[in-house]
Amino acid sequence: MANNELTVAILGPGGVGGLLAALLSRAGHRVICLAGEETADTLRTNGIRIHSARYGDFTAPVEADTELREPVDACLITVKATTLDAALTRVPAKTLGDGLLVPFLNGVEHPTHLRAHYAPTQVAPAIIRVESTRVAPGEIEHGSPFAEIDLTGDPVPRERLDALATALNAAGPKTQVLPDETAALWAKMTFLAPLALLTTRYGLPLGDVRTRHREELTALLEETAAVSRSYGGPSDAAGALARYDTFPPQTKSSMQRDAEAGRPLELDAIGGALLRAAQRQGIAVPVAARLVRELAA
Ligand SMILES: NC(=O)c1ccc[n+]([C@@H]2O[C@H](COP(=O)([O-])OP(=O)(O)OC[C@H]3O[C@@H](n4cnc5c(N)ncnc54)[C@H](OP(=O)(O)O)[C@@H]3O)[C@@H](O)[C@H]2O)c1
């Protein structure tokens with residue numbers, strides 16, 4: 001790593017990955033996007049164009065390929081859970097060498113899955129708070145006035161997490177390294193799962209969910225908090241509800257947007273994972289179970 005410049009691969013340069021790829025490229029790092037042939041061609045030719053109130057409108061050049069062909073300092077995984085296995089075939093463990101593998105997916109089960117295929121010490125899960133949309137290949141709309149990353153990885157050497165966090169911070173997103181991976185992943189789940197399940201189930205924005213389905217929302221927040229607590233995560237259901245109340249009423253979840261667009265839902269990675277985690281701990285989650293059942297149908 002010369003002059004603190006990293007070589008970073010981005011597997012799945014969509015809403016999250018495209019934004020991070022462009023910001024890292026603009027900050028002087030070498031960025032290789034890994035995508036299907038058509039997307040890779042477009043990115044190689046046109047770069048990635050960002051529209052962002054926070055970071056400005058700019059186009060950043062990136063390299064692009066359909067497969068990782070050399071070791072990198074880090075490979076950020078920014079595909080959806082529904083395409084994770086197919087996408088991982090583009091990152092052979094042997095080629096990655098000892099590069100960090102940094103999944104930005106929502107959910108709590110993918111780190112274990114990744115550690116079955118790559119060395120546990122190189123899997124560093126990240127949690128991102130952002131709203132960023134791939135409107136076309138290489139065209140990204142960053143809609144939220146913020147982008148914040150929590151970087152974790154219990155078995156990963158701290159200095160490796162710190163080096164990546166420094167690069168991400170300098171590129172734009174406010175990044176912190178957190179010590180407890182499970183708690184960090186559950187912190188996101190406790191907030192995300194109730195929002196995703198209810199907005200998608202009823203096809204309503206948050207403003208209507210929190211007024212018309214408040215009892216259900218409260219019960220679901222309590223169930224999720226109980227599961228989170230059993231894994232050492234946050235368990236403040238009332239605090240989460242109060243936070244929901246501060247959001248603009250038109251807020252939608254990304255699962256809801258996927259449903260509206262007819263795309264596959266990350267239902268198993270979010271709702272399914274919540275039910276499995278509850279079952280392992282012997283915690284009853286009747287509202288979550290019913291919503292997952294209804295959504296799956
Ligand atoms: N977007 C957000 O604001 C946000 C916020 C927080 C967390 N998240 C989480 O971040 C993850 C990524 O979400 P996203 O919204 O960024 O998804 P997205 O916009 O749909 O981007 C996914 C990207 O993966 C690519 N892809 C699909 N299959 C692939 C394969 N087999 N090989 C390589 N690339 C493949 C797609 O390529 P094409 O462009 O060629 O279709 C697309 O660019 C999800 O788990 C989501 O829940 C998202």
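All values derive from a computational prediction rather than experimental measurement.

Let us look at the overall build of the chain. Broken down by element type, the chain carries 13 helices and twelve strands. Expected size for 297 residues packed as a compact globule is a radius of gyration near 19 Å; at 19 Å, the chain falls within 12% of this value. Its C-alpha atoms give the chain principal-axis dimensions of about 55 × 35 × 30 Å. Split into buried and exposed, the 297 residues of the chain put 49% on the buried side. Contacts in the chain between residues at least 24 apart in sequence constitute 68% of all its contacts with a sequence separation of at least 6.

Spatially, S5-S2-S1-S6-S7 is the arrangement adopted by the five strands of the open sheet, whose pairing is parallel. Looking at strand neighbours, the two that pair on one side only are strand S5 (63-65) and strand S7 (100-103), the edges of this open sheet. This sheet shows a mean twist of 20 degrees between the axes of neighbouring strands, independent of strand direction. As judged from the four bridges shared by strand S1 (residues 7-11) and strand S6 (residues 74-77), these two strands associate in the parallel manner. Opposite Ala9, over in S6, you have Cys75 as the bridge partner.

By domain assignment, the chain separates into domain 1 (2-179) and domain 2 (183-296). Placing a centre on the C-alpha atoms of domain 1 and another on those of domain 2 gives a separation of 26 Å. Counting residues at the interface gives 13 residues for domain 1 and twelve residues for domain 2. Of the residues in the side of domain 1 that touches domain 2, the class split is six nonpolar, four polar and three charged.

A separate point is the site of the ligand. What surrounds the ligand is a group of 30 residues, the closest being Gly12, Gly14, Gly15, Val16 and Thr39. At the level of elements, helix H1 (15-26), helix H3 (84-88) and strand S9 (132-136) are the ones that each hand at least two residues to the shell around the ligand. For the shell around the ligand, the element with the most residues is H1, which contributes three residues. Here the shell around the ligand is built from residues that sort into 14 nonpolar, eleven polar and five charged.

Calculation rules
- Residues numbered from 1 in each chain as written.
- Predicted model: local features only at pLDDT ≥ 70, side-chain atom pairs only at ≥ 80, totals over all residues.
- Helix = DSSP H or I, 4+ residues; strand = E, 2+ residues; numbered from the N terminus.
- Rg over C-alpha atoms; globule rule 2.2 N^0.38 Å.
- Buried ≥ 20, exposed ≤ 12 C-beta atoms within 10 Å, placed from the backbone.
- Contact = placed C-beta atoms within 7 Å.
- Pairing = 2+ DSSP bridges.
- Axes fitted to C-alpha atoms, helices over the stretch in contact; angles between N-to-C directions.
- Domains from an automatic or database assignment.
- Nonpolar A, V, L, I, M, F, W, Y, C, P; charged D, E, K, R; others polar.
- Near = placed C-beta within 6 Å.

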